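Take a look at the letters that make up each chain.
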Amino acid sequence: MPPVVIDNPILNSPFLEPNRHFRFSDEGITDEIAEGRRESGYFLPIASPRKKSGQMKFDTEWTQDRFFSSPRINRIRERVNLWRQGGYVGVTRTTLRLLEYWNDPGRERKLFFCQIEALETAIYLTEVASGFGDAWIENDLRQENADFNGGLPRLAMKMATGSGKTVVMGMLIAWQALNKLEDKHDRRFSDAFLIVAPGITIRDRLRVLLPQDPTNYYRERDLVPSDLTDRLGQARIVITNYHAFIPRERGDAARLTKSILTRGALSPFIETPDQMVRRVCRELGGKKQIIVLNDEAHHCYRGKPREDAEALIGDDRVEAKKRDEEARVWMSGLEAVHRKLGLRAVYDLSAPSTARWARRR
């Protein structure tokens, strides 16, 4: 089938809910426009036979026969939409003020619809769902997290590249922190945050989430009413990369001396998980029940080997082993923080299109 040429691929405004989309057929994308928002789902790539070189090629053509719907996400989307149309009932005064501020049509720096919807979803699940007949959402999330995330209270926000995930992280911090500062006894919220990135470069870029940073997003992107900006500075925020979860050596003895003294036993010269957590979270000042924000969170998982998976060889195997070890460090670190301090929620932000992420989350 010859490739389809679409002269103008932009059908919707980034500031409004999408209401049109291009239809897919079993041959691929078409230039036929369908009314309504595209349902949430993912395309499953199919691997071609392995070549002698050991490399596996994936045929990633987007065709309708490889599309798998995400019924749970679509149902949640419908419930959030109804709640939005009903005027955001059931939320705190602080939350309502933020929602109205973000949606103000007179804003100079308008927020994308996807950014607002991400917050609406987090807010609905935290403040509204259980009281409006949607306790099934929390129950489903709890079961999924028990099956795949060791019980960590994770919620994934999958957003397209360039849609402004860092802004969403700032909105999450503002919503949680301002609510907690307004009512210290409200256990749904926290004013302590641990932000985890996959590397130093991304970690440094996330400094805009610190209220004291000169270029912080709360002012630069107008995320918080001016009279609340200073108050947001009371929140405790730590930004790190997952490598900080690797236990460090303690003491001044030489490596050989330590090896002789331990004789292969558990080394007293290596941080325990609790000691690691105290080091990483020292600036939180003893706060408990914290919020974790994972950036590029598809790097954080606990893989389960599949019986039908073809064994990797060569460079593929080395790379897969490296990724799994990095993911193990990240995941184990969060579990240690959960045991020591408790996690109120873990918000995962990512933009991958892989089927693995869609299926795991």
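Preceding this section is the structure that the text describes.
Position numbers for residues start from 1 in each chain and track the written sequence from start to end. Since the coordinates come from a predicted model, pLDDT governs what is reported: local features require at least 70, and pairs of side-chain atoms require 80 or more to be given and counted, while whole-chain, interface and lining totals use all residues. Side-chain metrics rest on all non-hydrogen atoms present in the structure, leaving aside hydrogens and water.

Participant: Before we go on, may I ask you to explain the pairing of strand β9 (residues 236-241) in this structure?
Facilitator: Burial classification: accessible surface area is computed with a 1.4 Å probe over protein chains only, and a residue below 20% of its type maximum counts as buried, one above 50% as exposed, and the rest as partly exposed. The numbering of helices and of strands both runs from the N terminus, where a helix is a DSSP run of H or I of at least 4 residues and a strand a run of E of at least 2. With 5 of its 6 residues buried, β9 lies for the most part within the structure. The sheet contact formed by strand β8 (residues 192-197) and β9 spans 6 bridges and is parallel. In the strand pairing of β9, Ala-192 is matched with Arg-236. At least two DSSP bridges between two strands are required for those strands to pair.

Participant: Please explain the pairing of strand β1 (residues 20-25) as it appears in this structure.
Facilitator: On a regular strand, one side chain projects to one face of the sheet and the next to the other, so that they alternate. Pairing of β1 with strand β2 (residues 28-35), which is carried by 5 bridges, proceeds in the antiparallel orientation. Of the residues in β2, the one forming a bridge with Phe-22 is Ile-33. The antiparallel pairing of β1 with β2 creates a hairpin that spans 2 residues between the two strands.

Participant: Mind showing me how you'd approach the nonpolar core here?
Facilitator: Across soluble globular proteins, nonpolar side chains have a tendency to be buried as a group. Grouped together as the largest cluster of nonpolar side chains are 55 residues, with contacts concentrated most on Trp-102, Leu-172, Trp-175 and Tyr-347. Among the elements that take part in this core, helix α5 (residues 165-182) stands out by supplying 10 residues, more than any other. Note on contacts: a residue pair is in contact if any heavy atoms of the two residues lie within 4.5 Å. Setting aside chain neighbours within four positions, we find Trp-102 in contact with Arg-107, Leu-111, Ile-116, Leu-119, Ile-123, Met-171, Trp-175 and Leu-223. By nonpolar core we mean a set of buried residues, namely Ala, Val, Leu, Ile, Met, Phe, Trp, Tyr and Cys, connected to one another through side-chain atoms within 4.5 Å.

Participant: I tried to follow the packing of aromatic side chains on my own but got confused; where do I start?
Facilitator: Each aromatic ring pair is specified by the distance between its two centres and by the angle formed by the two planes. When the centres of two rings from Phe, Tyr and Trp lie within 6.5 Å, Trp using its six-membered ring, the rings pair. Their planes under 30 degrees apart give stacked, over 60 give edge-to-face, and anything left gives tilted. Counting across every chain of the model gives 8 aromatic pairs. For the pair Trp-175 and Phe-189, a centre-to-centre distance of 5.9 Å together with 85° between the ring planes defines the contact as edge-to-face. Pair noted here: Trp-175 is in helix α5 and Phe-189 is in the loop between α5 and β8, with a separation of 14 residues, a long-range link. The pair Trp-175 / Phe-189 is uniform in exposure class, with both members buried. By the ring-pair criterion, three or more aromatic residues cluster together here, those being Phe-24, Phe-43 and Phe-67. Both a distance and an angle decide whether a charge sits over a ring: NZ of Lys or CZ of Arg must be within 6 Å of the ring centre and within 35 degrees of the ring normal. One cation-aromatic arrangement involves Arg-75 over Trp-136; the distance from NZ or CZ to the ring centre is 4.0 Å.

Participant: Which parts of the structure should I look at to understand the environment of Leu-194?
Facilitator: Within the secondary structure layout, Leu-194 lies in strand β8. Note on Leu-194: relative accessible area 0%, which makes it buried. Residues Leu-194 and Cys-281, 87 residues apart in the sequence, show an inter-C-alpha distance of 7.6 Å. With sequence-adjacent residues up to four places away left out, Leu-194 is seen in contact with Val-238, Thr-240, Phe-245, Val-280, Cys-281, Ile-290, Ile-291, Val-292, Leu-293 and Val-337.

Participant: Can you help me understand the environment of Leu-96 in this one?
Facilitator: Secondary-structure assignment places Leu-96 in helix α2 (residues 93-103). It is 9.8 Å that separates the C-alpha atoms of Leu-96 and Trp-175, two residues lying 79 residues apart in sequence. Those residues in contact with Leu-96 that lie beyond four places of it in its chain are Gly-87, Tyr-88 and Val-91.

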